[in-house]
Amino acid sequence: MRKKPFANYFFLLIIALFLTTSCSKFAKLQKTGTDKEKYAAALDYYQDGDWYRAGLLFEELIPLLKGSTESEMAQFYYAYTQYHQEQFNMAQFLFKKFFDTYARSDYAQEALYMHAYSLYKDSAPHTLDQTSTMTAISALQDFINSYPASPFRNECTGYILELRRKLELKAYEKAKLYYKISDFNLASLKSAVISIENFRRDFPDSEFNEELAYLKVDAQYTLAKSSFAIKQKERYEDAVKFYKAFIDKYPNSAFLKDAEKLYSNSEEELERIATLEKARKDRLDKLPDTTAQPAKVTTSSINN
């Protein structure tokens with residue numbers, strides 16, 4: 001048992017010596033190695049999965065190898081070293097640059113795919129801004145359009161569906177957020193209704209549409225209730241319209257009972273508004289007609 005600490009120390013010492021020797025060898029290669037030696041070493045590091053050292057050498061060699069037969073592969077491998085280090089944004093840029101430079105290369109299709117796939121890997125979680133997700137979807141679709149018979153086609157289609165799911169969740173949570181923070185805030189209520197309608201248009205087959213269709217009725221009813229009298233009639237009518245669209249599409253909805261209550265309240269409010277409008281009209285009808293012109297006075301009538 002007492003020999004174990006020494007054994008561990010000896011093992012760590014061997015590793016340290018190996019790393020020191022390895023680093024010294026790499027530093028010497030960088031400093032004094034020929035382009036040919038560096039390229040061969042870069043390939044060896046690449047094959048061994050030492051992406052960091054391989055990347056450093058390929059990055060150094062690329063401008064020096066320009067015009068040579070090794071230049072194409074150096075750029076291709078360099079892009080992969082960044083991908084394997086999970087530097088996806090840099091990788092997508094390098095793969096696209098390779099594709100644009102070597103469009104006729106045997107590796108062009110793979111490079112364009114890896115450009116799109118790196119963007120997919122770099123896509124932000126659905127809780128964050130989704131610009132990167134939309135960029136990835138566009139790149140994946142561009143790849144499918146460019147290589148419709150590619151063996152990567154089905155994979156790309158799957159990735160697009162996955163990324164669209166992110167956009168769906170983001171849009172759903174945005175609509176729900178406007179609804180949650182509304183609390184008789186007219187701007188948030190209007191935004192909730194608009195966001196829900198945008199969601200339905202963008203994701204017509206979403207599982208969230210039933211819930212959001214109900215929340216649209218609720219938000220519109222609350223908006224009408226919170227509005228000035230001059231706006232209430234139109235907004236209650238919209239609440240009734242949204243309810244009818246909801247009930248037509250989801251007649252057995254779990255939200256049916258609550259939706260019917262909102263509908264009933266909206267109808268009652270519309271009846272109240274109609275009664276007030278009728279009473280106002282009746283009062284106006286009983287007022288004397290002030291538009292009648294007075295009798296014209298003539299000189300002859302005065303003389304008479």
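Keep in mind that this is a model prediction, so the values were computed, not measured. (Residues numbered from 1 in each chain as written. Predicted model: local features only at pLDDT ≥ 70, side-chain atom pairs only at ≥ 80, totals over all residues. Heavy atoms only, no water.)

Things to note about the layout of surface pockets
Reported here for the largest pocket is a volume of approximately 310 Å³. Breaking the lining of the largest pocket down by element, the ones donating at least two residues are α7 (131–146), α8 (153–182) and α9 (186–202). (1 Å grid on protein atoms, 1.4 Å probe; cavity = no way out; pocket = protein on both sides within 12 Å on 5 of 7 lines; lining within 4 Å. Points joined across faces, edges and corners; volume = space filled by probe spheres on them. Helix = DSSP H or I, 4+ residues; strand = E, 2+ residues; numbered from the N terminus.)

Comments concerning the pattern of salt bridges
What the rule picks out here adds up to 14 salt bridges. Note that K241 and D238 form a salt bridge whose closest N and O atoms lie 3.6 Å from each other. Linking K241 with D238, this pair stays in helix α11 (residues 229–249), spanning three residues, or about one helical turn. On the basis of relative accessible area, D238 is assigned to the partly exposed category, the value being 22%. A cluster of three or more residues bridged by salt bridges with shared partners is formed by R165, E168 and E207. (Salt bridge = Lys/Arg side-chain N within 4 Å of Asp/Glu carboxyl O. Buried < 20%, exposed > 50% of the residue type's maximum accessible area, 1.4 Å probe, protein only.)

Considerations on the nonpolar core
F58, F76, Y83, F95, L140 and L212 are the most contacted members of the largest nonpolar core, which has 77 residues in total. In contact with F76, other than residues within four places in its own chain, are F95, F98, Y107, E110 and A111. (Core = buried A, V, L, I, M, F, W, Y, C linked by side-chain atoms within 4.5 Å. Contact = heavy atoms within 4.5 Å.)

Points about the confidence of the model for the chain
Mean pLDDT over the chain works out to 90, with 87% of the residues at or above the 70 mark. Below pLDDT 50 for its whole length, residues 15–19 participates in zero contacts with residues either more than four positions away or in separate chains. (pLDDT = per-residue confidence, 0-100.)

Brief notes about the environment of D50
Mapped onto the fold, D50 is located in the loop between α2 (35–47) and α3 (51–65). As a C-alpha pair, D50 and Q85 span 35 residues in sequence and 9.7 Å in three-dimensional space. Separated by 3.1 Å, the side chains of D50 and R53 make a polar contact. (Polar contact = N/O pair within 3.5 Å; in protein donor to acceptor, adjacent residues only side chain to side chain.)

Things to note about the packing of helix α5 (residues 88–101) against helix α6 (residues 108–121)
Direction vectors running N to C along α5 and α6 enclose 155°, while the axes themselves pass 8 Å from each other. The orientation of α5 with respect to α6, classified from their angle, is roughly antiparallel. In the packing of α5 onto α6, the handedness of the crossing is left-handed. Taking contact as the criterion, the partners of F88, A91, Q92, F95, K96, F98 and F99 in α5 are, on α6, A108, A111, L112, M114, H115, S118, L119 and K121. (Axes fitted to C-alpha atoms, helices over the stretch in contact; angles between N-to-C directions. Parallel < 35°, antiparallel > 145°, perpendicular 65-115°, else oblique. Left-handed = near helix turned anticlockwise from the far one by under 90°.)

A look at unusual backbone geometry
Trans is the prevailing form of peptide bonds, just as negative phi is the prevailing case for residues other than glycine. Here the phi dihedral of E86 falls at roughly 65°; this positive angle occurs in a residue that is not glycine. Structurally, E86 can be placed in the loop between α4 (69–84) and α5.

Considerations on the packing of aromatic side chains
Summed over the entire model, instances satisfying the criterion amount to 31 aromatic pairs. With a centroid separation of 5.0 Å and an interplanar angle of 40°, the aromatic rings of F98 and Y102 are classed as tilted. Here the two residues F98 and Y102 agree in accessibility, since each one is buried. Here Y113 and Y117 contribute two aromatic rings whose centre-to-centre distance is 5.8 Å and whose plane-to-plane angle is 10°, an arrangement assigned as stacked. With Y113 and Y117 both in helix α6 and four residues apart, this pair spans about one turn of that helix. Owing to a relative accessible area of 6%, Y113 belongs among the buried residues under this scheme. (Phe/Tyr/Trp six-rings, centres within 6.5 Å; stacked < 30°, edge-to-face > 60°.)

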